[in-house]
Amino acid sequence: MWLVDLRGVEASTDALSDEERERASRMRLDEPRRRFLASHMALRAVLSQYVERIDLQSDVNGKPHLAGREICFNLSHSGELAAVAVAGQEIGVDVQEVRALYDAEALARRILSPAEAGSDILGAWTRKEAVVKATGEGIRRSLTEVQVYPPAGPWWVEDLDVPDGYVGAVAGLGPRPRIDVRRWCWE
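Small disclaimer: the values here were computed from a predicted structure and weren't measured.

J.: Would you explain the side chain of lysine 133 in this entry?
T.: Checked against the element boundaries, lysine 133 lands in helix H4 (residues 121-135). Within the buried set, lysine 133 has no salt-bridge partner at all; the shortest N-O distance to an opposite charge, 4.5 Å, is to aspartate 94. At a separation of 3.2 Å, a polar atom in the side chain of lysine 133 contacts the side chain of asparagine 74. Of the polar contacts made by the side chain of lysine 133, one reaches the backbone oxygen of valine 93; its length is 2.8 Å. Aside from chain neighbours lying at most four places away, what touches lysine 133 is Lys63, Asn74, Leu75, Ser76, Ile91, Gly92 and Val93.

Put into structure tokens, the structure is as follows:
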């Protein structure tokens, strides 16, 4: 598990795929575009620690994976923080910058299961996002069906120790691996 500070990173499209360059070109604002590009540069930098050749492909649900699937990975970014999870099993990660929630009660009804009523909404959202990214489903079904307090499904989920002002979670399918959180340093 890698955390990457995106502040001040000069983003480049050189190593990115055509799809990533296309997605970035559709972004109207400079800062979100820079953070998107920087997070995808960080993904490649981290993956290069594990594999020699980075050939990204997408499955039928649009979840990116390495050709040959030597390892599984997932990327999330919010604000100036990116998180890259790398494992030998399906894995998902989500980070969110803490912010005021618009109509928190309505959001709670949309995402919390009855067993999770009263849980921290942003924490639950982050955990659920990590789970649906690990399962490859994305947000296609009601998030109330994905119970994360406590986890109720074929997955495990764990909160991450992230910088102040952020919440983060990592989730996976299969046995829970040891989660080591490392900080990526740009050189």
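J.: Explanation requested: the layout of surface pockets in the structure shown.
T.: Empty pockets left among the atoms are what a rolling probe the size of a water molecule brings to light. Each pocket or cavity is described by its volume, and for the largest pocket that value is around 640 Å³. Lining the largest pocket are 30 residues, and of these Arg23, Gly62, Pro64, Asn74 and Leu75 lie nearest its centre. If you list the elements that add at least two residues to the lining of the largest pocket, you get helix H1 (18-25), helix H2 (30-47), strand E2 (56-58), strand E4 (72-78), strand E6 (91-97) and H4. No other element matches the five residues that E4 contributes to the lining of the largest pocket. Counted by class, the lining of the largest pocket contains nine nonpolar, twelve polar and nine charged residues. There is about 190 Å³ of room inside the second largest pocket. In terms of residues, the lining of the second largest pocket owes the most to one element, strand E5 (residues 81-87), which gives three residues. Residues belonging to the lining of the second largest pocket are distributed by class as follows: nine nonpolar, no polar and three charged.

J.: Got a minute to help me understand the side chain of glutamine 89 in this structure?
T.: In this fold, glutamine 89 is placed in the loop between E5 and E6. Judged by relative accessible area, which is 15%, glutamine 89 ranks as buried. Here leucine 173 takes part through its backbone oxygen, which lies 2.9 Å from a polar atom of the side chain of glutamine 89. Engagement of the side chain of glutamine 89 in a polar contact is seen with the backbone oxygen of proline 175, the distance being 3.2 Å. Excluding its chain neighbours within four sequence positions, the residues that come into contact with glutamine 89 are Cys72, Trp156, Gly172, Leu173, Gly174, Pro175 and Pro177.

J.: Teacher, can you tell me more about the packing of aromatic side chains here?
T.: Aromatic rings considered in pairs are described by the distance between their centres and by the relative angle of their planes. In the structure shown here, the tally under the stated rule is one aromatic pair. An angle of 70° between the planes, with centres 5.5 Å apart, marks the rings of tryptophan 2 and tryptophan 184 as edge-to-face. Note that tryptophan 2 is positioned in strand E1 (residues 2-5) and tryptophan 184 in strand E11 (residues 182-184), a separation of 182 residues in sequence.

J.: What is the right way to look at the nonpolar core in this model?
T.: Note on soluble globular proteins: their nonpolar side chains tend to be buried together. The biggest cluster of nonpolar side chains holds 19 residues, and the ones touching the most others in it are Leu47, Val84 and Val86. Listed by contribution, the elements that provide at least two residues to this core are E1, H2, E4 and E5. A per-element tally of this core places H2 first, with six residues. Setting aside anything within four residues of it in sequence, one finds valine 86 in contact with Val46, Leu47, Tyr50, Ile71, Cys72 and Phe73. Counting 16 residues, the second-largest nonpolar core is a separate cluster that includes Leu107, Ala108, Ala130 and Val148.

J.: Help me out: how do you make sense of the sheet that holds strand E10 (residues 166-173) in this one?
T.: Backbone-to-backbone hydrogen bonds pair the strands of a sheet. The strands run either parallel or antiparallel. If you walk across this open sheet you meet the three strands as E6-E10-E9, and the pairing is antiparallel. Edge positions in the sheet fall to E6 and strand E9 (155-159), since each of these pairs with one other strand and no more. With direction set aside, neighbouring strand axes in the sheet form an average angle of 15°. Bridge count for E9 against E10 is five bridges, and the pairing is antiparallel. The residue of E10 that forms the bridge with aspartate 159 is alanine 169.

Calculation rules
Residues numbered from 1 in each chain as written. Predicted model: local features only at pLDDT ≥ 70, side-chain atom pairs only at ≥ 80, totals over all residues. Heavy atoms only, no water. Helix = DSSP H or I, 4+ residues; strand = E, 2+ residues; numbered from the N terminus. Buried < 20%, exposed > 50% of the residue type's maximum accessible area, 1.4 Å probe, protein only. Lys, Arg positive; Asp, Glu negative; His and termini not counted. Salt bridge = Lys/Arg side-chain N within 4 Å of Asp/Glu carboxyl O. Polar contact = N/O pair within 3.5 Å; in protein donor to acceptor, adjacent residues only side chain to side chain. Contact = heavy atoms within 4.5 Å. 1 Å grid on protein atoms, 1.4 Å probe; cavity = no way out; pocket = protein on both sides within 12 Å on 5 of 7 lines; lining within 4 Å. Points joined across faces, edges and corners; volume = space filled by probe spheres on them. Nonpolar A, V, L, I, M, F, W, Y, C, P; charged D, E, K, R; others polar. Phe/Tyr/Trp six-rings, centres within 6.5 Å; stacked < 30°, edge-to-face > 60°. Core = buried A, V, L, I, M, F, W, Y, C linked by side-chain atoms within 4.5 Å. Pairing = 2+ DSSP bridges. Axes fitted to C-alpha atoms, helices over the stretch in contact; angles between N-to-C directions.

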